[in-house]
Amino acid sequence: MARIHAHLLGGFEFNDEGGAELRFATRKAGALLAFLIVEADKWHTRDRLAGLLWSDRQQAQARHSLTQALSTIRKLGEQAGITLIESDSERVRLLVDAVSADTLSFREILDRDAAKAVEFYAGPLLDGFVPLDAAFEEWLATERAAFHEEACAALGSSIDDAESSGSTVKAVAAAKRWLALDPYAELAHRRLMQLHAVAGDRTEAIRQYQACEKLLREELDVSPSTEIRKLLEEIKEETTSAEPLVEIDPTSALSNEQAPPVPDRPSIAVLPFSNLSGDPEQEFFADGMSEDIITGLSKFRWLFVIARNSSFAYKGKSPDVRDVARDLGVRYILEGSVRRGGSRLRITAQLIDAETGNNIWAERY
């Protein structure tokens with residue numbers, strides 16, 4: 001049976017069986033189909049759907065707009081050789097067998113294989129999609145938070161499973177991925193500290209605490225909890241004189257044994273662009289440039305892109321790109337600079353293969 005393939009986690013894209021992208025006549029029709037997929041196998045009243053995307057219109061107008069959007073979805077299904085939705089005078093639902101979606105796959109296997117489920121979580125739900133209505137925006141925010149929490153919980157379970165099987169490397173990789181999704185998750189920092197300590201690398205455990213403390217202080221203006229500080233003291237007490245306690249740069253590289261494995265798909269980290277203008281106000285522009293590139297690259301589902309908070313830990317530093325790549329578990333690094341002079345702006349960027357340290361692309365604009 002032919003099916004439509006929906007990529008909704010970390011992007012917003014629909015493809016037919018041959019991989020060709022399917023486009024909608026209106027963005028609201030695409031948003032409606034995305035909603036029906038996330039809320040799969042449920043009947044929805046027409047009034048609820050109309051209010052979800054056309055709450056600024058009178059009821060009759062909203063229902064008419066809904067009818068047009070449903071017609072667009074039906075035509076999309078006909079184009080793919082399937083029936084996507086069924087409806088009656090008052091209700092609409094998606095035919096689940098007509099669609100494969102990362103959202104459905106993620107939740108289908110979440111309970112029985114947490115590590116596998118996380119592979120489907122490429123990023124926030126409908127990442128990069130601009131909400132079209134206040135009601136839809138509220139629904140999207142709620143669902144994004146739910147998927148995010150489920151992914152973080154799945155990574156916690158993955159750590160447990162990896163520890164049970166004696167695979168410290170997999171456990172550390174899961175903890176690092178957790179922090180890439182939620183850098184402020186103190187529990188993830190604590191789990192990573194414990195993993196390093198159990199592996200005998202107490203220096204790395206202390207390094208992780210310092211990274212956590214710095215992030216919470218600078219970004220949230222709070223201090224680490226009593227629990228994680230207690231863990232730090234326990235680790236310090238176990239540290240022998242042969243392993244002196246020193247202040248360590250929290251962004252320096254992990255050892256090869258504990259660095260996250262590079263994903264099977266192409267992987268990249270975009271470092272903060274340097275501001276070479278001598279004007280502090282241009283710092284925001286340089287950061288915005290990096291963030292826009294991260295957002296743009298994240299839309300490609302075949303590309304693993306490190307989250308902004310993880311790559312921005314290197315802001316203001318000049319680390320070896322090979323160390324950065326090993327620390328974050330990526331193959332490629334993109335770095336660049338911004339310089340403003342009068343009315344002219346110069347932006348440079350270079351893509352580096354971290355395995356060799358060689359530039360594979362560079363450009364100046």
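Reference entry: report on the structure contained in this document.

Conventions adopted
Residues numbered from 1 in each chain as written. Predicted model: local features only at pLDDT ≥ 70, side-chain atom pairs only at ≥ 80, totals over all residues. Heavy atoms only, no water. Patch = residues over 30% accessible without salt bridge, like charges linked within 9 Å, V, L, I, M, F, W, Y side chains within 5 Å. Areas by Shrake-Rupley, 256 points an atom, 1.4 Å probe, with all protein chains shown as cover. Salt bridge = Lys/Arg side-chain N within 4 Å of Asp/Glu carboxyl O. Helix = DSSP H or I, 4+ residues; strand = E, 2+ residues; numbered from the N terminus. 1 Å grid on protein atoms, 1.4 Å probe; cavity = no way out; pocket = protein on both sides within 12 Å on 5 of 7 lines; lining within 4 Å. Points joined across faces, edges and corners; volume = space filled by probe spheres on them. Pairing = 2+ DSSP bridges.

### Notes on a nonpolar patch on the surface
At step 1: Together, Ile360, Trp361 and Tyr365 line one region of the surface with nonpolar side chains, adding up to about 350 Å² of accessible area.
At step 2: Of note, Tyr365 is situated in the segment after strand E12 (358-364).

### Notes on the layout of surface pockets
At step 1: If you add up the space inside the second largest pocket, you get close to 610 Å³.
At step 2: If you trace the second largest pocket, you find 28 residues lining it, with Gly123, Pro124, Asp127, Ser298 and Ala307 closest to the centre.
At step 3: Elements supplying a minimum of two residues to the lining of the second largest pocket: helix H6 (134-164), helix H7 (168-181), helix H11 (282-298), strand E9 (304-305) and helix H12 (308-311).
At step 4: For the lining of the second largest pocket, the element with the most residues is H11, which contributes 4 residues.

### A closer look at the sheet that holds strand E3 (residues 44-45)
At step 1: As summarised here, the arrangement of the 3 strands in space is E3-E5-E4, forming an open sheet in which the pairing is antiparallel. Here the strands that pair on one side only, and so sit at the sheet edges, are E3 and strand E4 (85-87).
At step 2: Across 2 bridges, the pairing between E3 and strand E5 (residues 91-94) is antiparallel. Note that in E5 the partner of His44 across the bridge is Val92.

Any functional reading would require information that these geometric values do not contain.
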